[in-house]
Amino acid sequence: QAQLVEFGGGLVQAGGSLRLSCTASGHTLSAYNMGWFRQGPGKEREFVAAVSWSGDTTSYAESVKGRFTISRDNARNTVYLQMTSLKPEDTAVYSCNAGGRNSTPGPVWGQGTQVTVSS
C-alpha cells in the first residue's frame, strides 16, 4: 500500500499563502484520484479539494472555492494544494488522501501537516 507524505505546512498570517505537497514513497500516484482533507481543533475531518487521476477534473468545498487550488504533476508523483487568502478558520491538520472520489475519501491517508493561520 502506498505511503503518502505531506510537506509545506506552517504558520502564516491571515491573508497569506501556503502550498502543500503530497507525494508517495515507493508507489505511483498517477492511477489514483487524490484529495485533501482537513481537521481543525475540536472539529470533524472535512473535505477540502479533490483532483481526478488525469488532473482534468477538480472539486472543492464551498468554504475554499476561489482561494484554494488543487493540482497534480504525475511526472513528479506529487499533488499540490495552493492556498491563498488564508483565514484563521483554515487552521487545521491537512491530510492527503488517495483512491477516493470527490468528497468521499479513499483508503490511503498521509500523516497530515499542520497549517496555522494567525489573525
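Refer to the structure above for everything that follows.
Rules behind the numbers
Residues numbered from 1 in each chain as written. Predicted model: local features only at pLDDT ≥ 70, side-chain atom pairs only at ≥ 80, totals over all residues. Heavy atoms only, no water. 1 Å grid on protein atoms, 1.4 Å probe; cavity = no way out; pocket = protein on both sides within 12 Å on 5 of 7 lines; lining within 4 Å. Points joined across faces, edges and corners; volume = space filled by probe spheres on them. Helix = DSSP H or I, 4+ residues; strand = E, 2+ residues; numbered from the N terminus. Phe/Tyr/Trp six-rings, centres within 6.5 Å; stacked < 30°, edge-to-face > 60°. Buried < 20%, exposed > 50% of the residue type's maximum accessible area, 1.4 Å probe, protein only. Lys NZ or Arg CZ within 6 Å of the ring centre and 35° of its normal. Disulfide = S-S within 2.5 Å. Pairing = 2+ DSSP bridges. Axes fitted to C-alpha atoms, helices over the stretch in contact; angles between N-to-C directions. Salt bridge = Lys/Arg side-chain N within 4 Å of Asp/Glu carboxyl O. Contact = heavy atoms within 4.5 Å.

Taken as a whole, this structure holds 1 cavity of 30 Å³ or more when the rule is applied. Roughly 50 Å³ of internal volume is contained in the largest cavity. Along its surface, the largest cavity is lined by N33, M34, G35, F37, A50, N97, G99, G100, R101, N102, T104 and P105. With 3 residues, strand 4 (residues 34-39) is the single largest residue contributor to the lining of the largest cavity.

The way to describe two aromatic rings as a pair is by their centre distance and the angle between their planes. Summed over all chains, the structure comprises 2 aromatic pairs. An angle of 65 degrees between the planes, with centres 5.6 Å apart, marks the rings of F37 and F47 as edge-to-face. One end of the pair, F37, is in strand 4; the other, F47, is in strand 5 (residues 46-51), with 10 residues separating them in the sequence. The residues F37 and F47 share a single accessibility class, namely buried. For the pair F37 and W109, a centre-to-centre distance of 5.2 Å together with 65 degrees between the ring planes defines the contact as edge-to-face. In this pair, F37 is assigned in strand 4 and W109 in strand 10 (residues 108-109), connecting sequence segments 72 residues apart. On the basis of relative accessibility, which here comes to 4%, the residue F37 falls in the buried class. Judged by relative accessible area, W109 falls into the partly exposed class, the value being 27%. Against the face of W109 rests R45, its NZ or CZ located 3.8 Å from the ring centre.

On to the state of the cysteines. For the coordinates displayed, the defined rule picks out 1 disulfide. Between the sulfur atoms of C22 and its disulfide mate C96 the distance is 2.0 Å. Here the disulfide of C22 and C96 is left-handed, its torsion about the S-S bond being about -80 degrees. In this pair, C22 sits in strand 3 (residues 18-25) while C96 sits in strand 9 (residues 92-98), placing the two residues 74 residues apart along the sequence.

On to the sheet that holds strand 1 (residues 3-7), then. Reading across from one edge, 1-3-8-7 is the order of the 4 strands in this open sheet, with antiparallel pairing throughout. Here the strands that pair on one side only, and so sit at the sheet edges, are strand 1 and strand 7 (68-73). Strand after strand, the sheet turns through a mean of 20 degrees between neighbouring axes, direction not considered.

Moving on to the pattern of salt bridges. Overall, the coordinates contain 5 salt bridges when judged by the stated rule. Among the salt bridges present, the one from E62 reaches K65, with a minimum N-O distance of 2.8 Å. Given the relative accessible area of 45%, K65 is considered partly exposed. Overlapping salt bridges, with partners in common, bring together R38, E46, R67 and D90 in one network.

Moving on: the environment of S103. For S103, the location among the structural elements is in the loop between strand 9 and strand 10. With sequence-adjacent residues up to four places away left out, S103 is seen in contact with F37 and F47.

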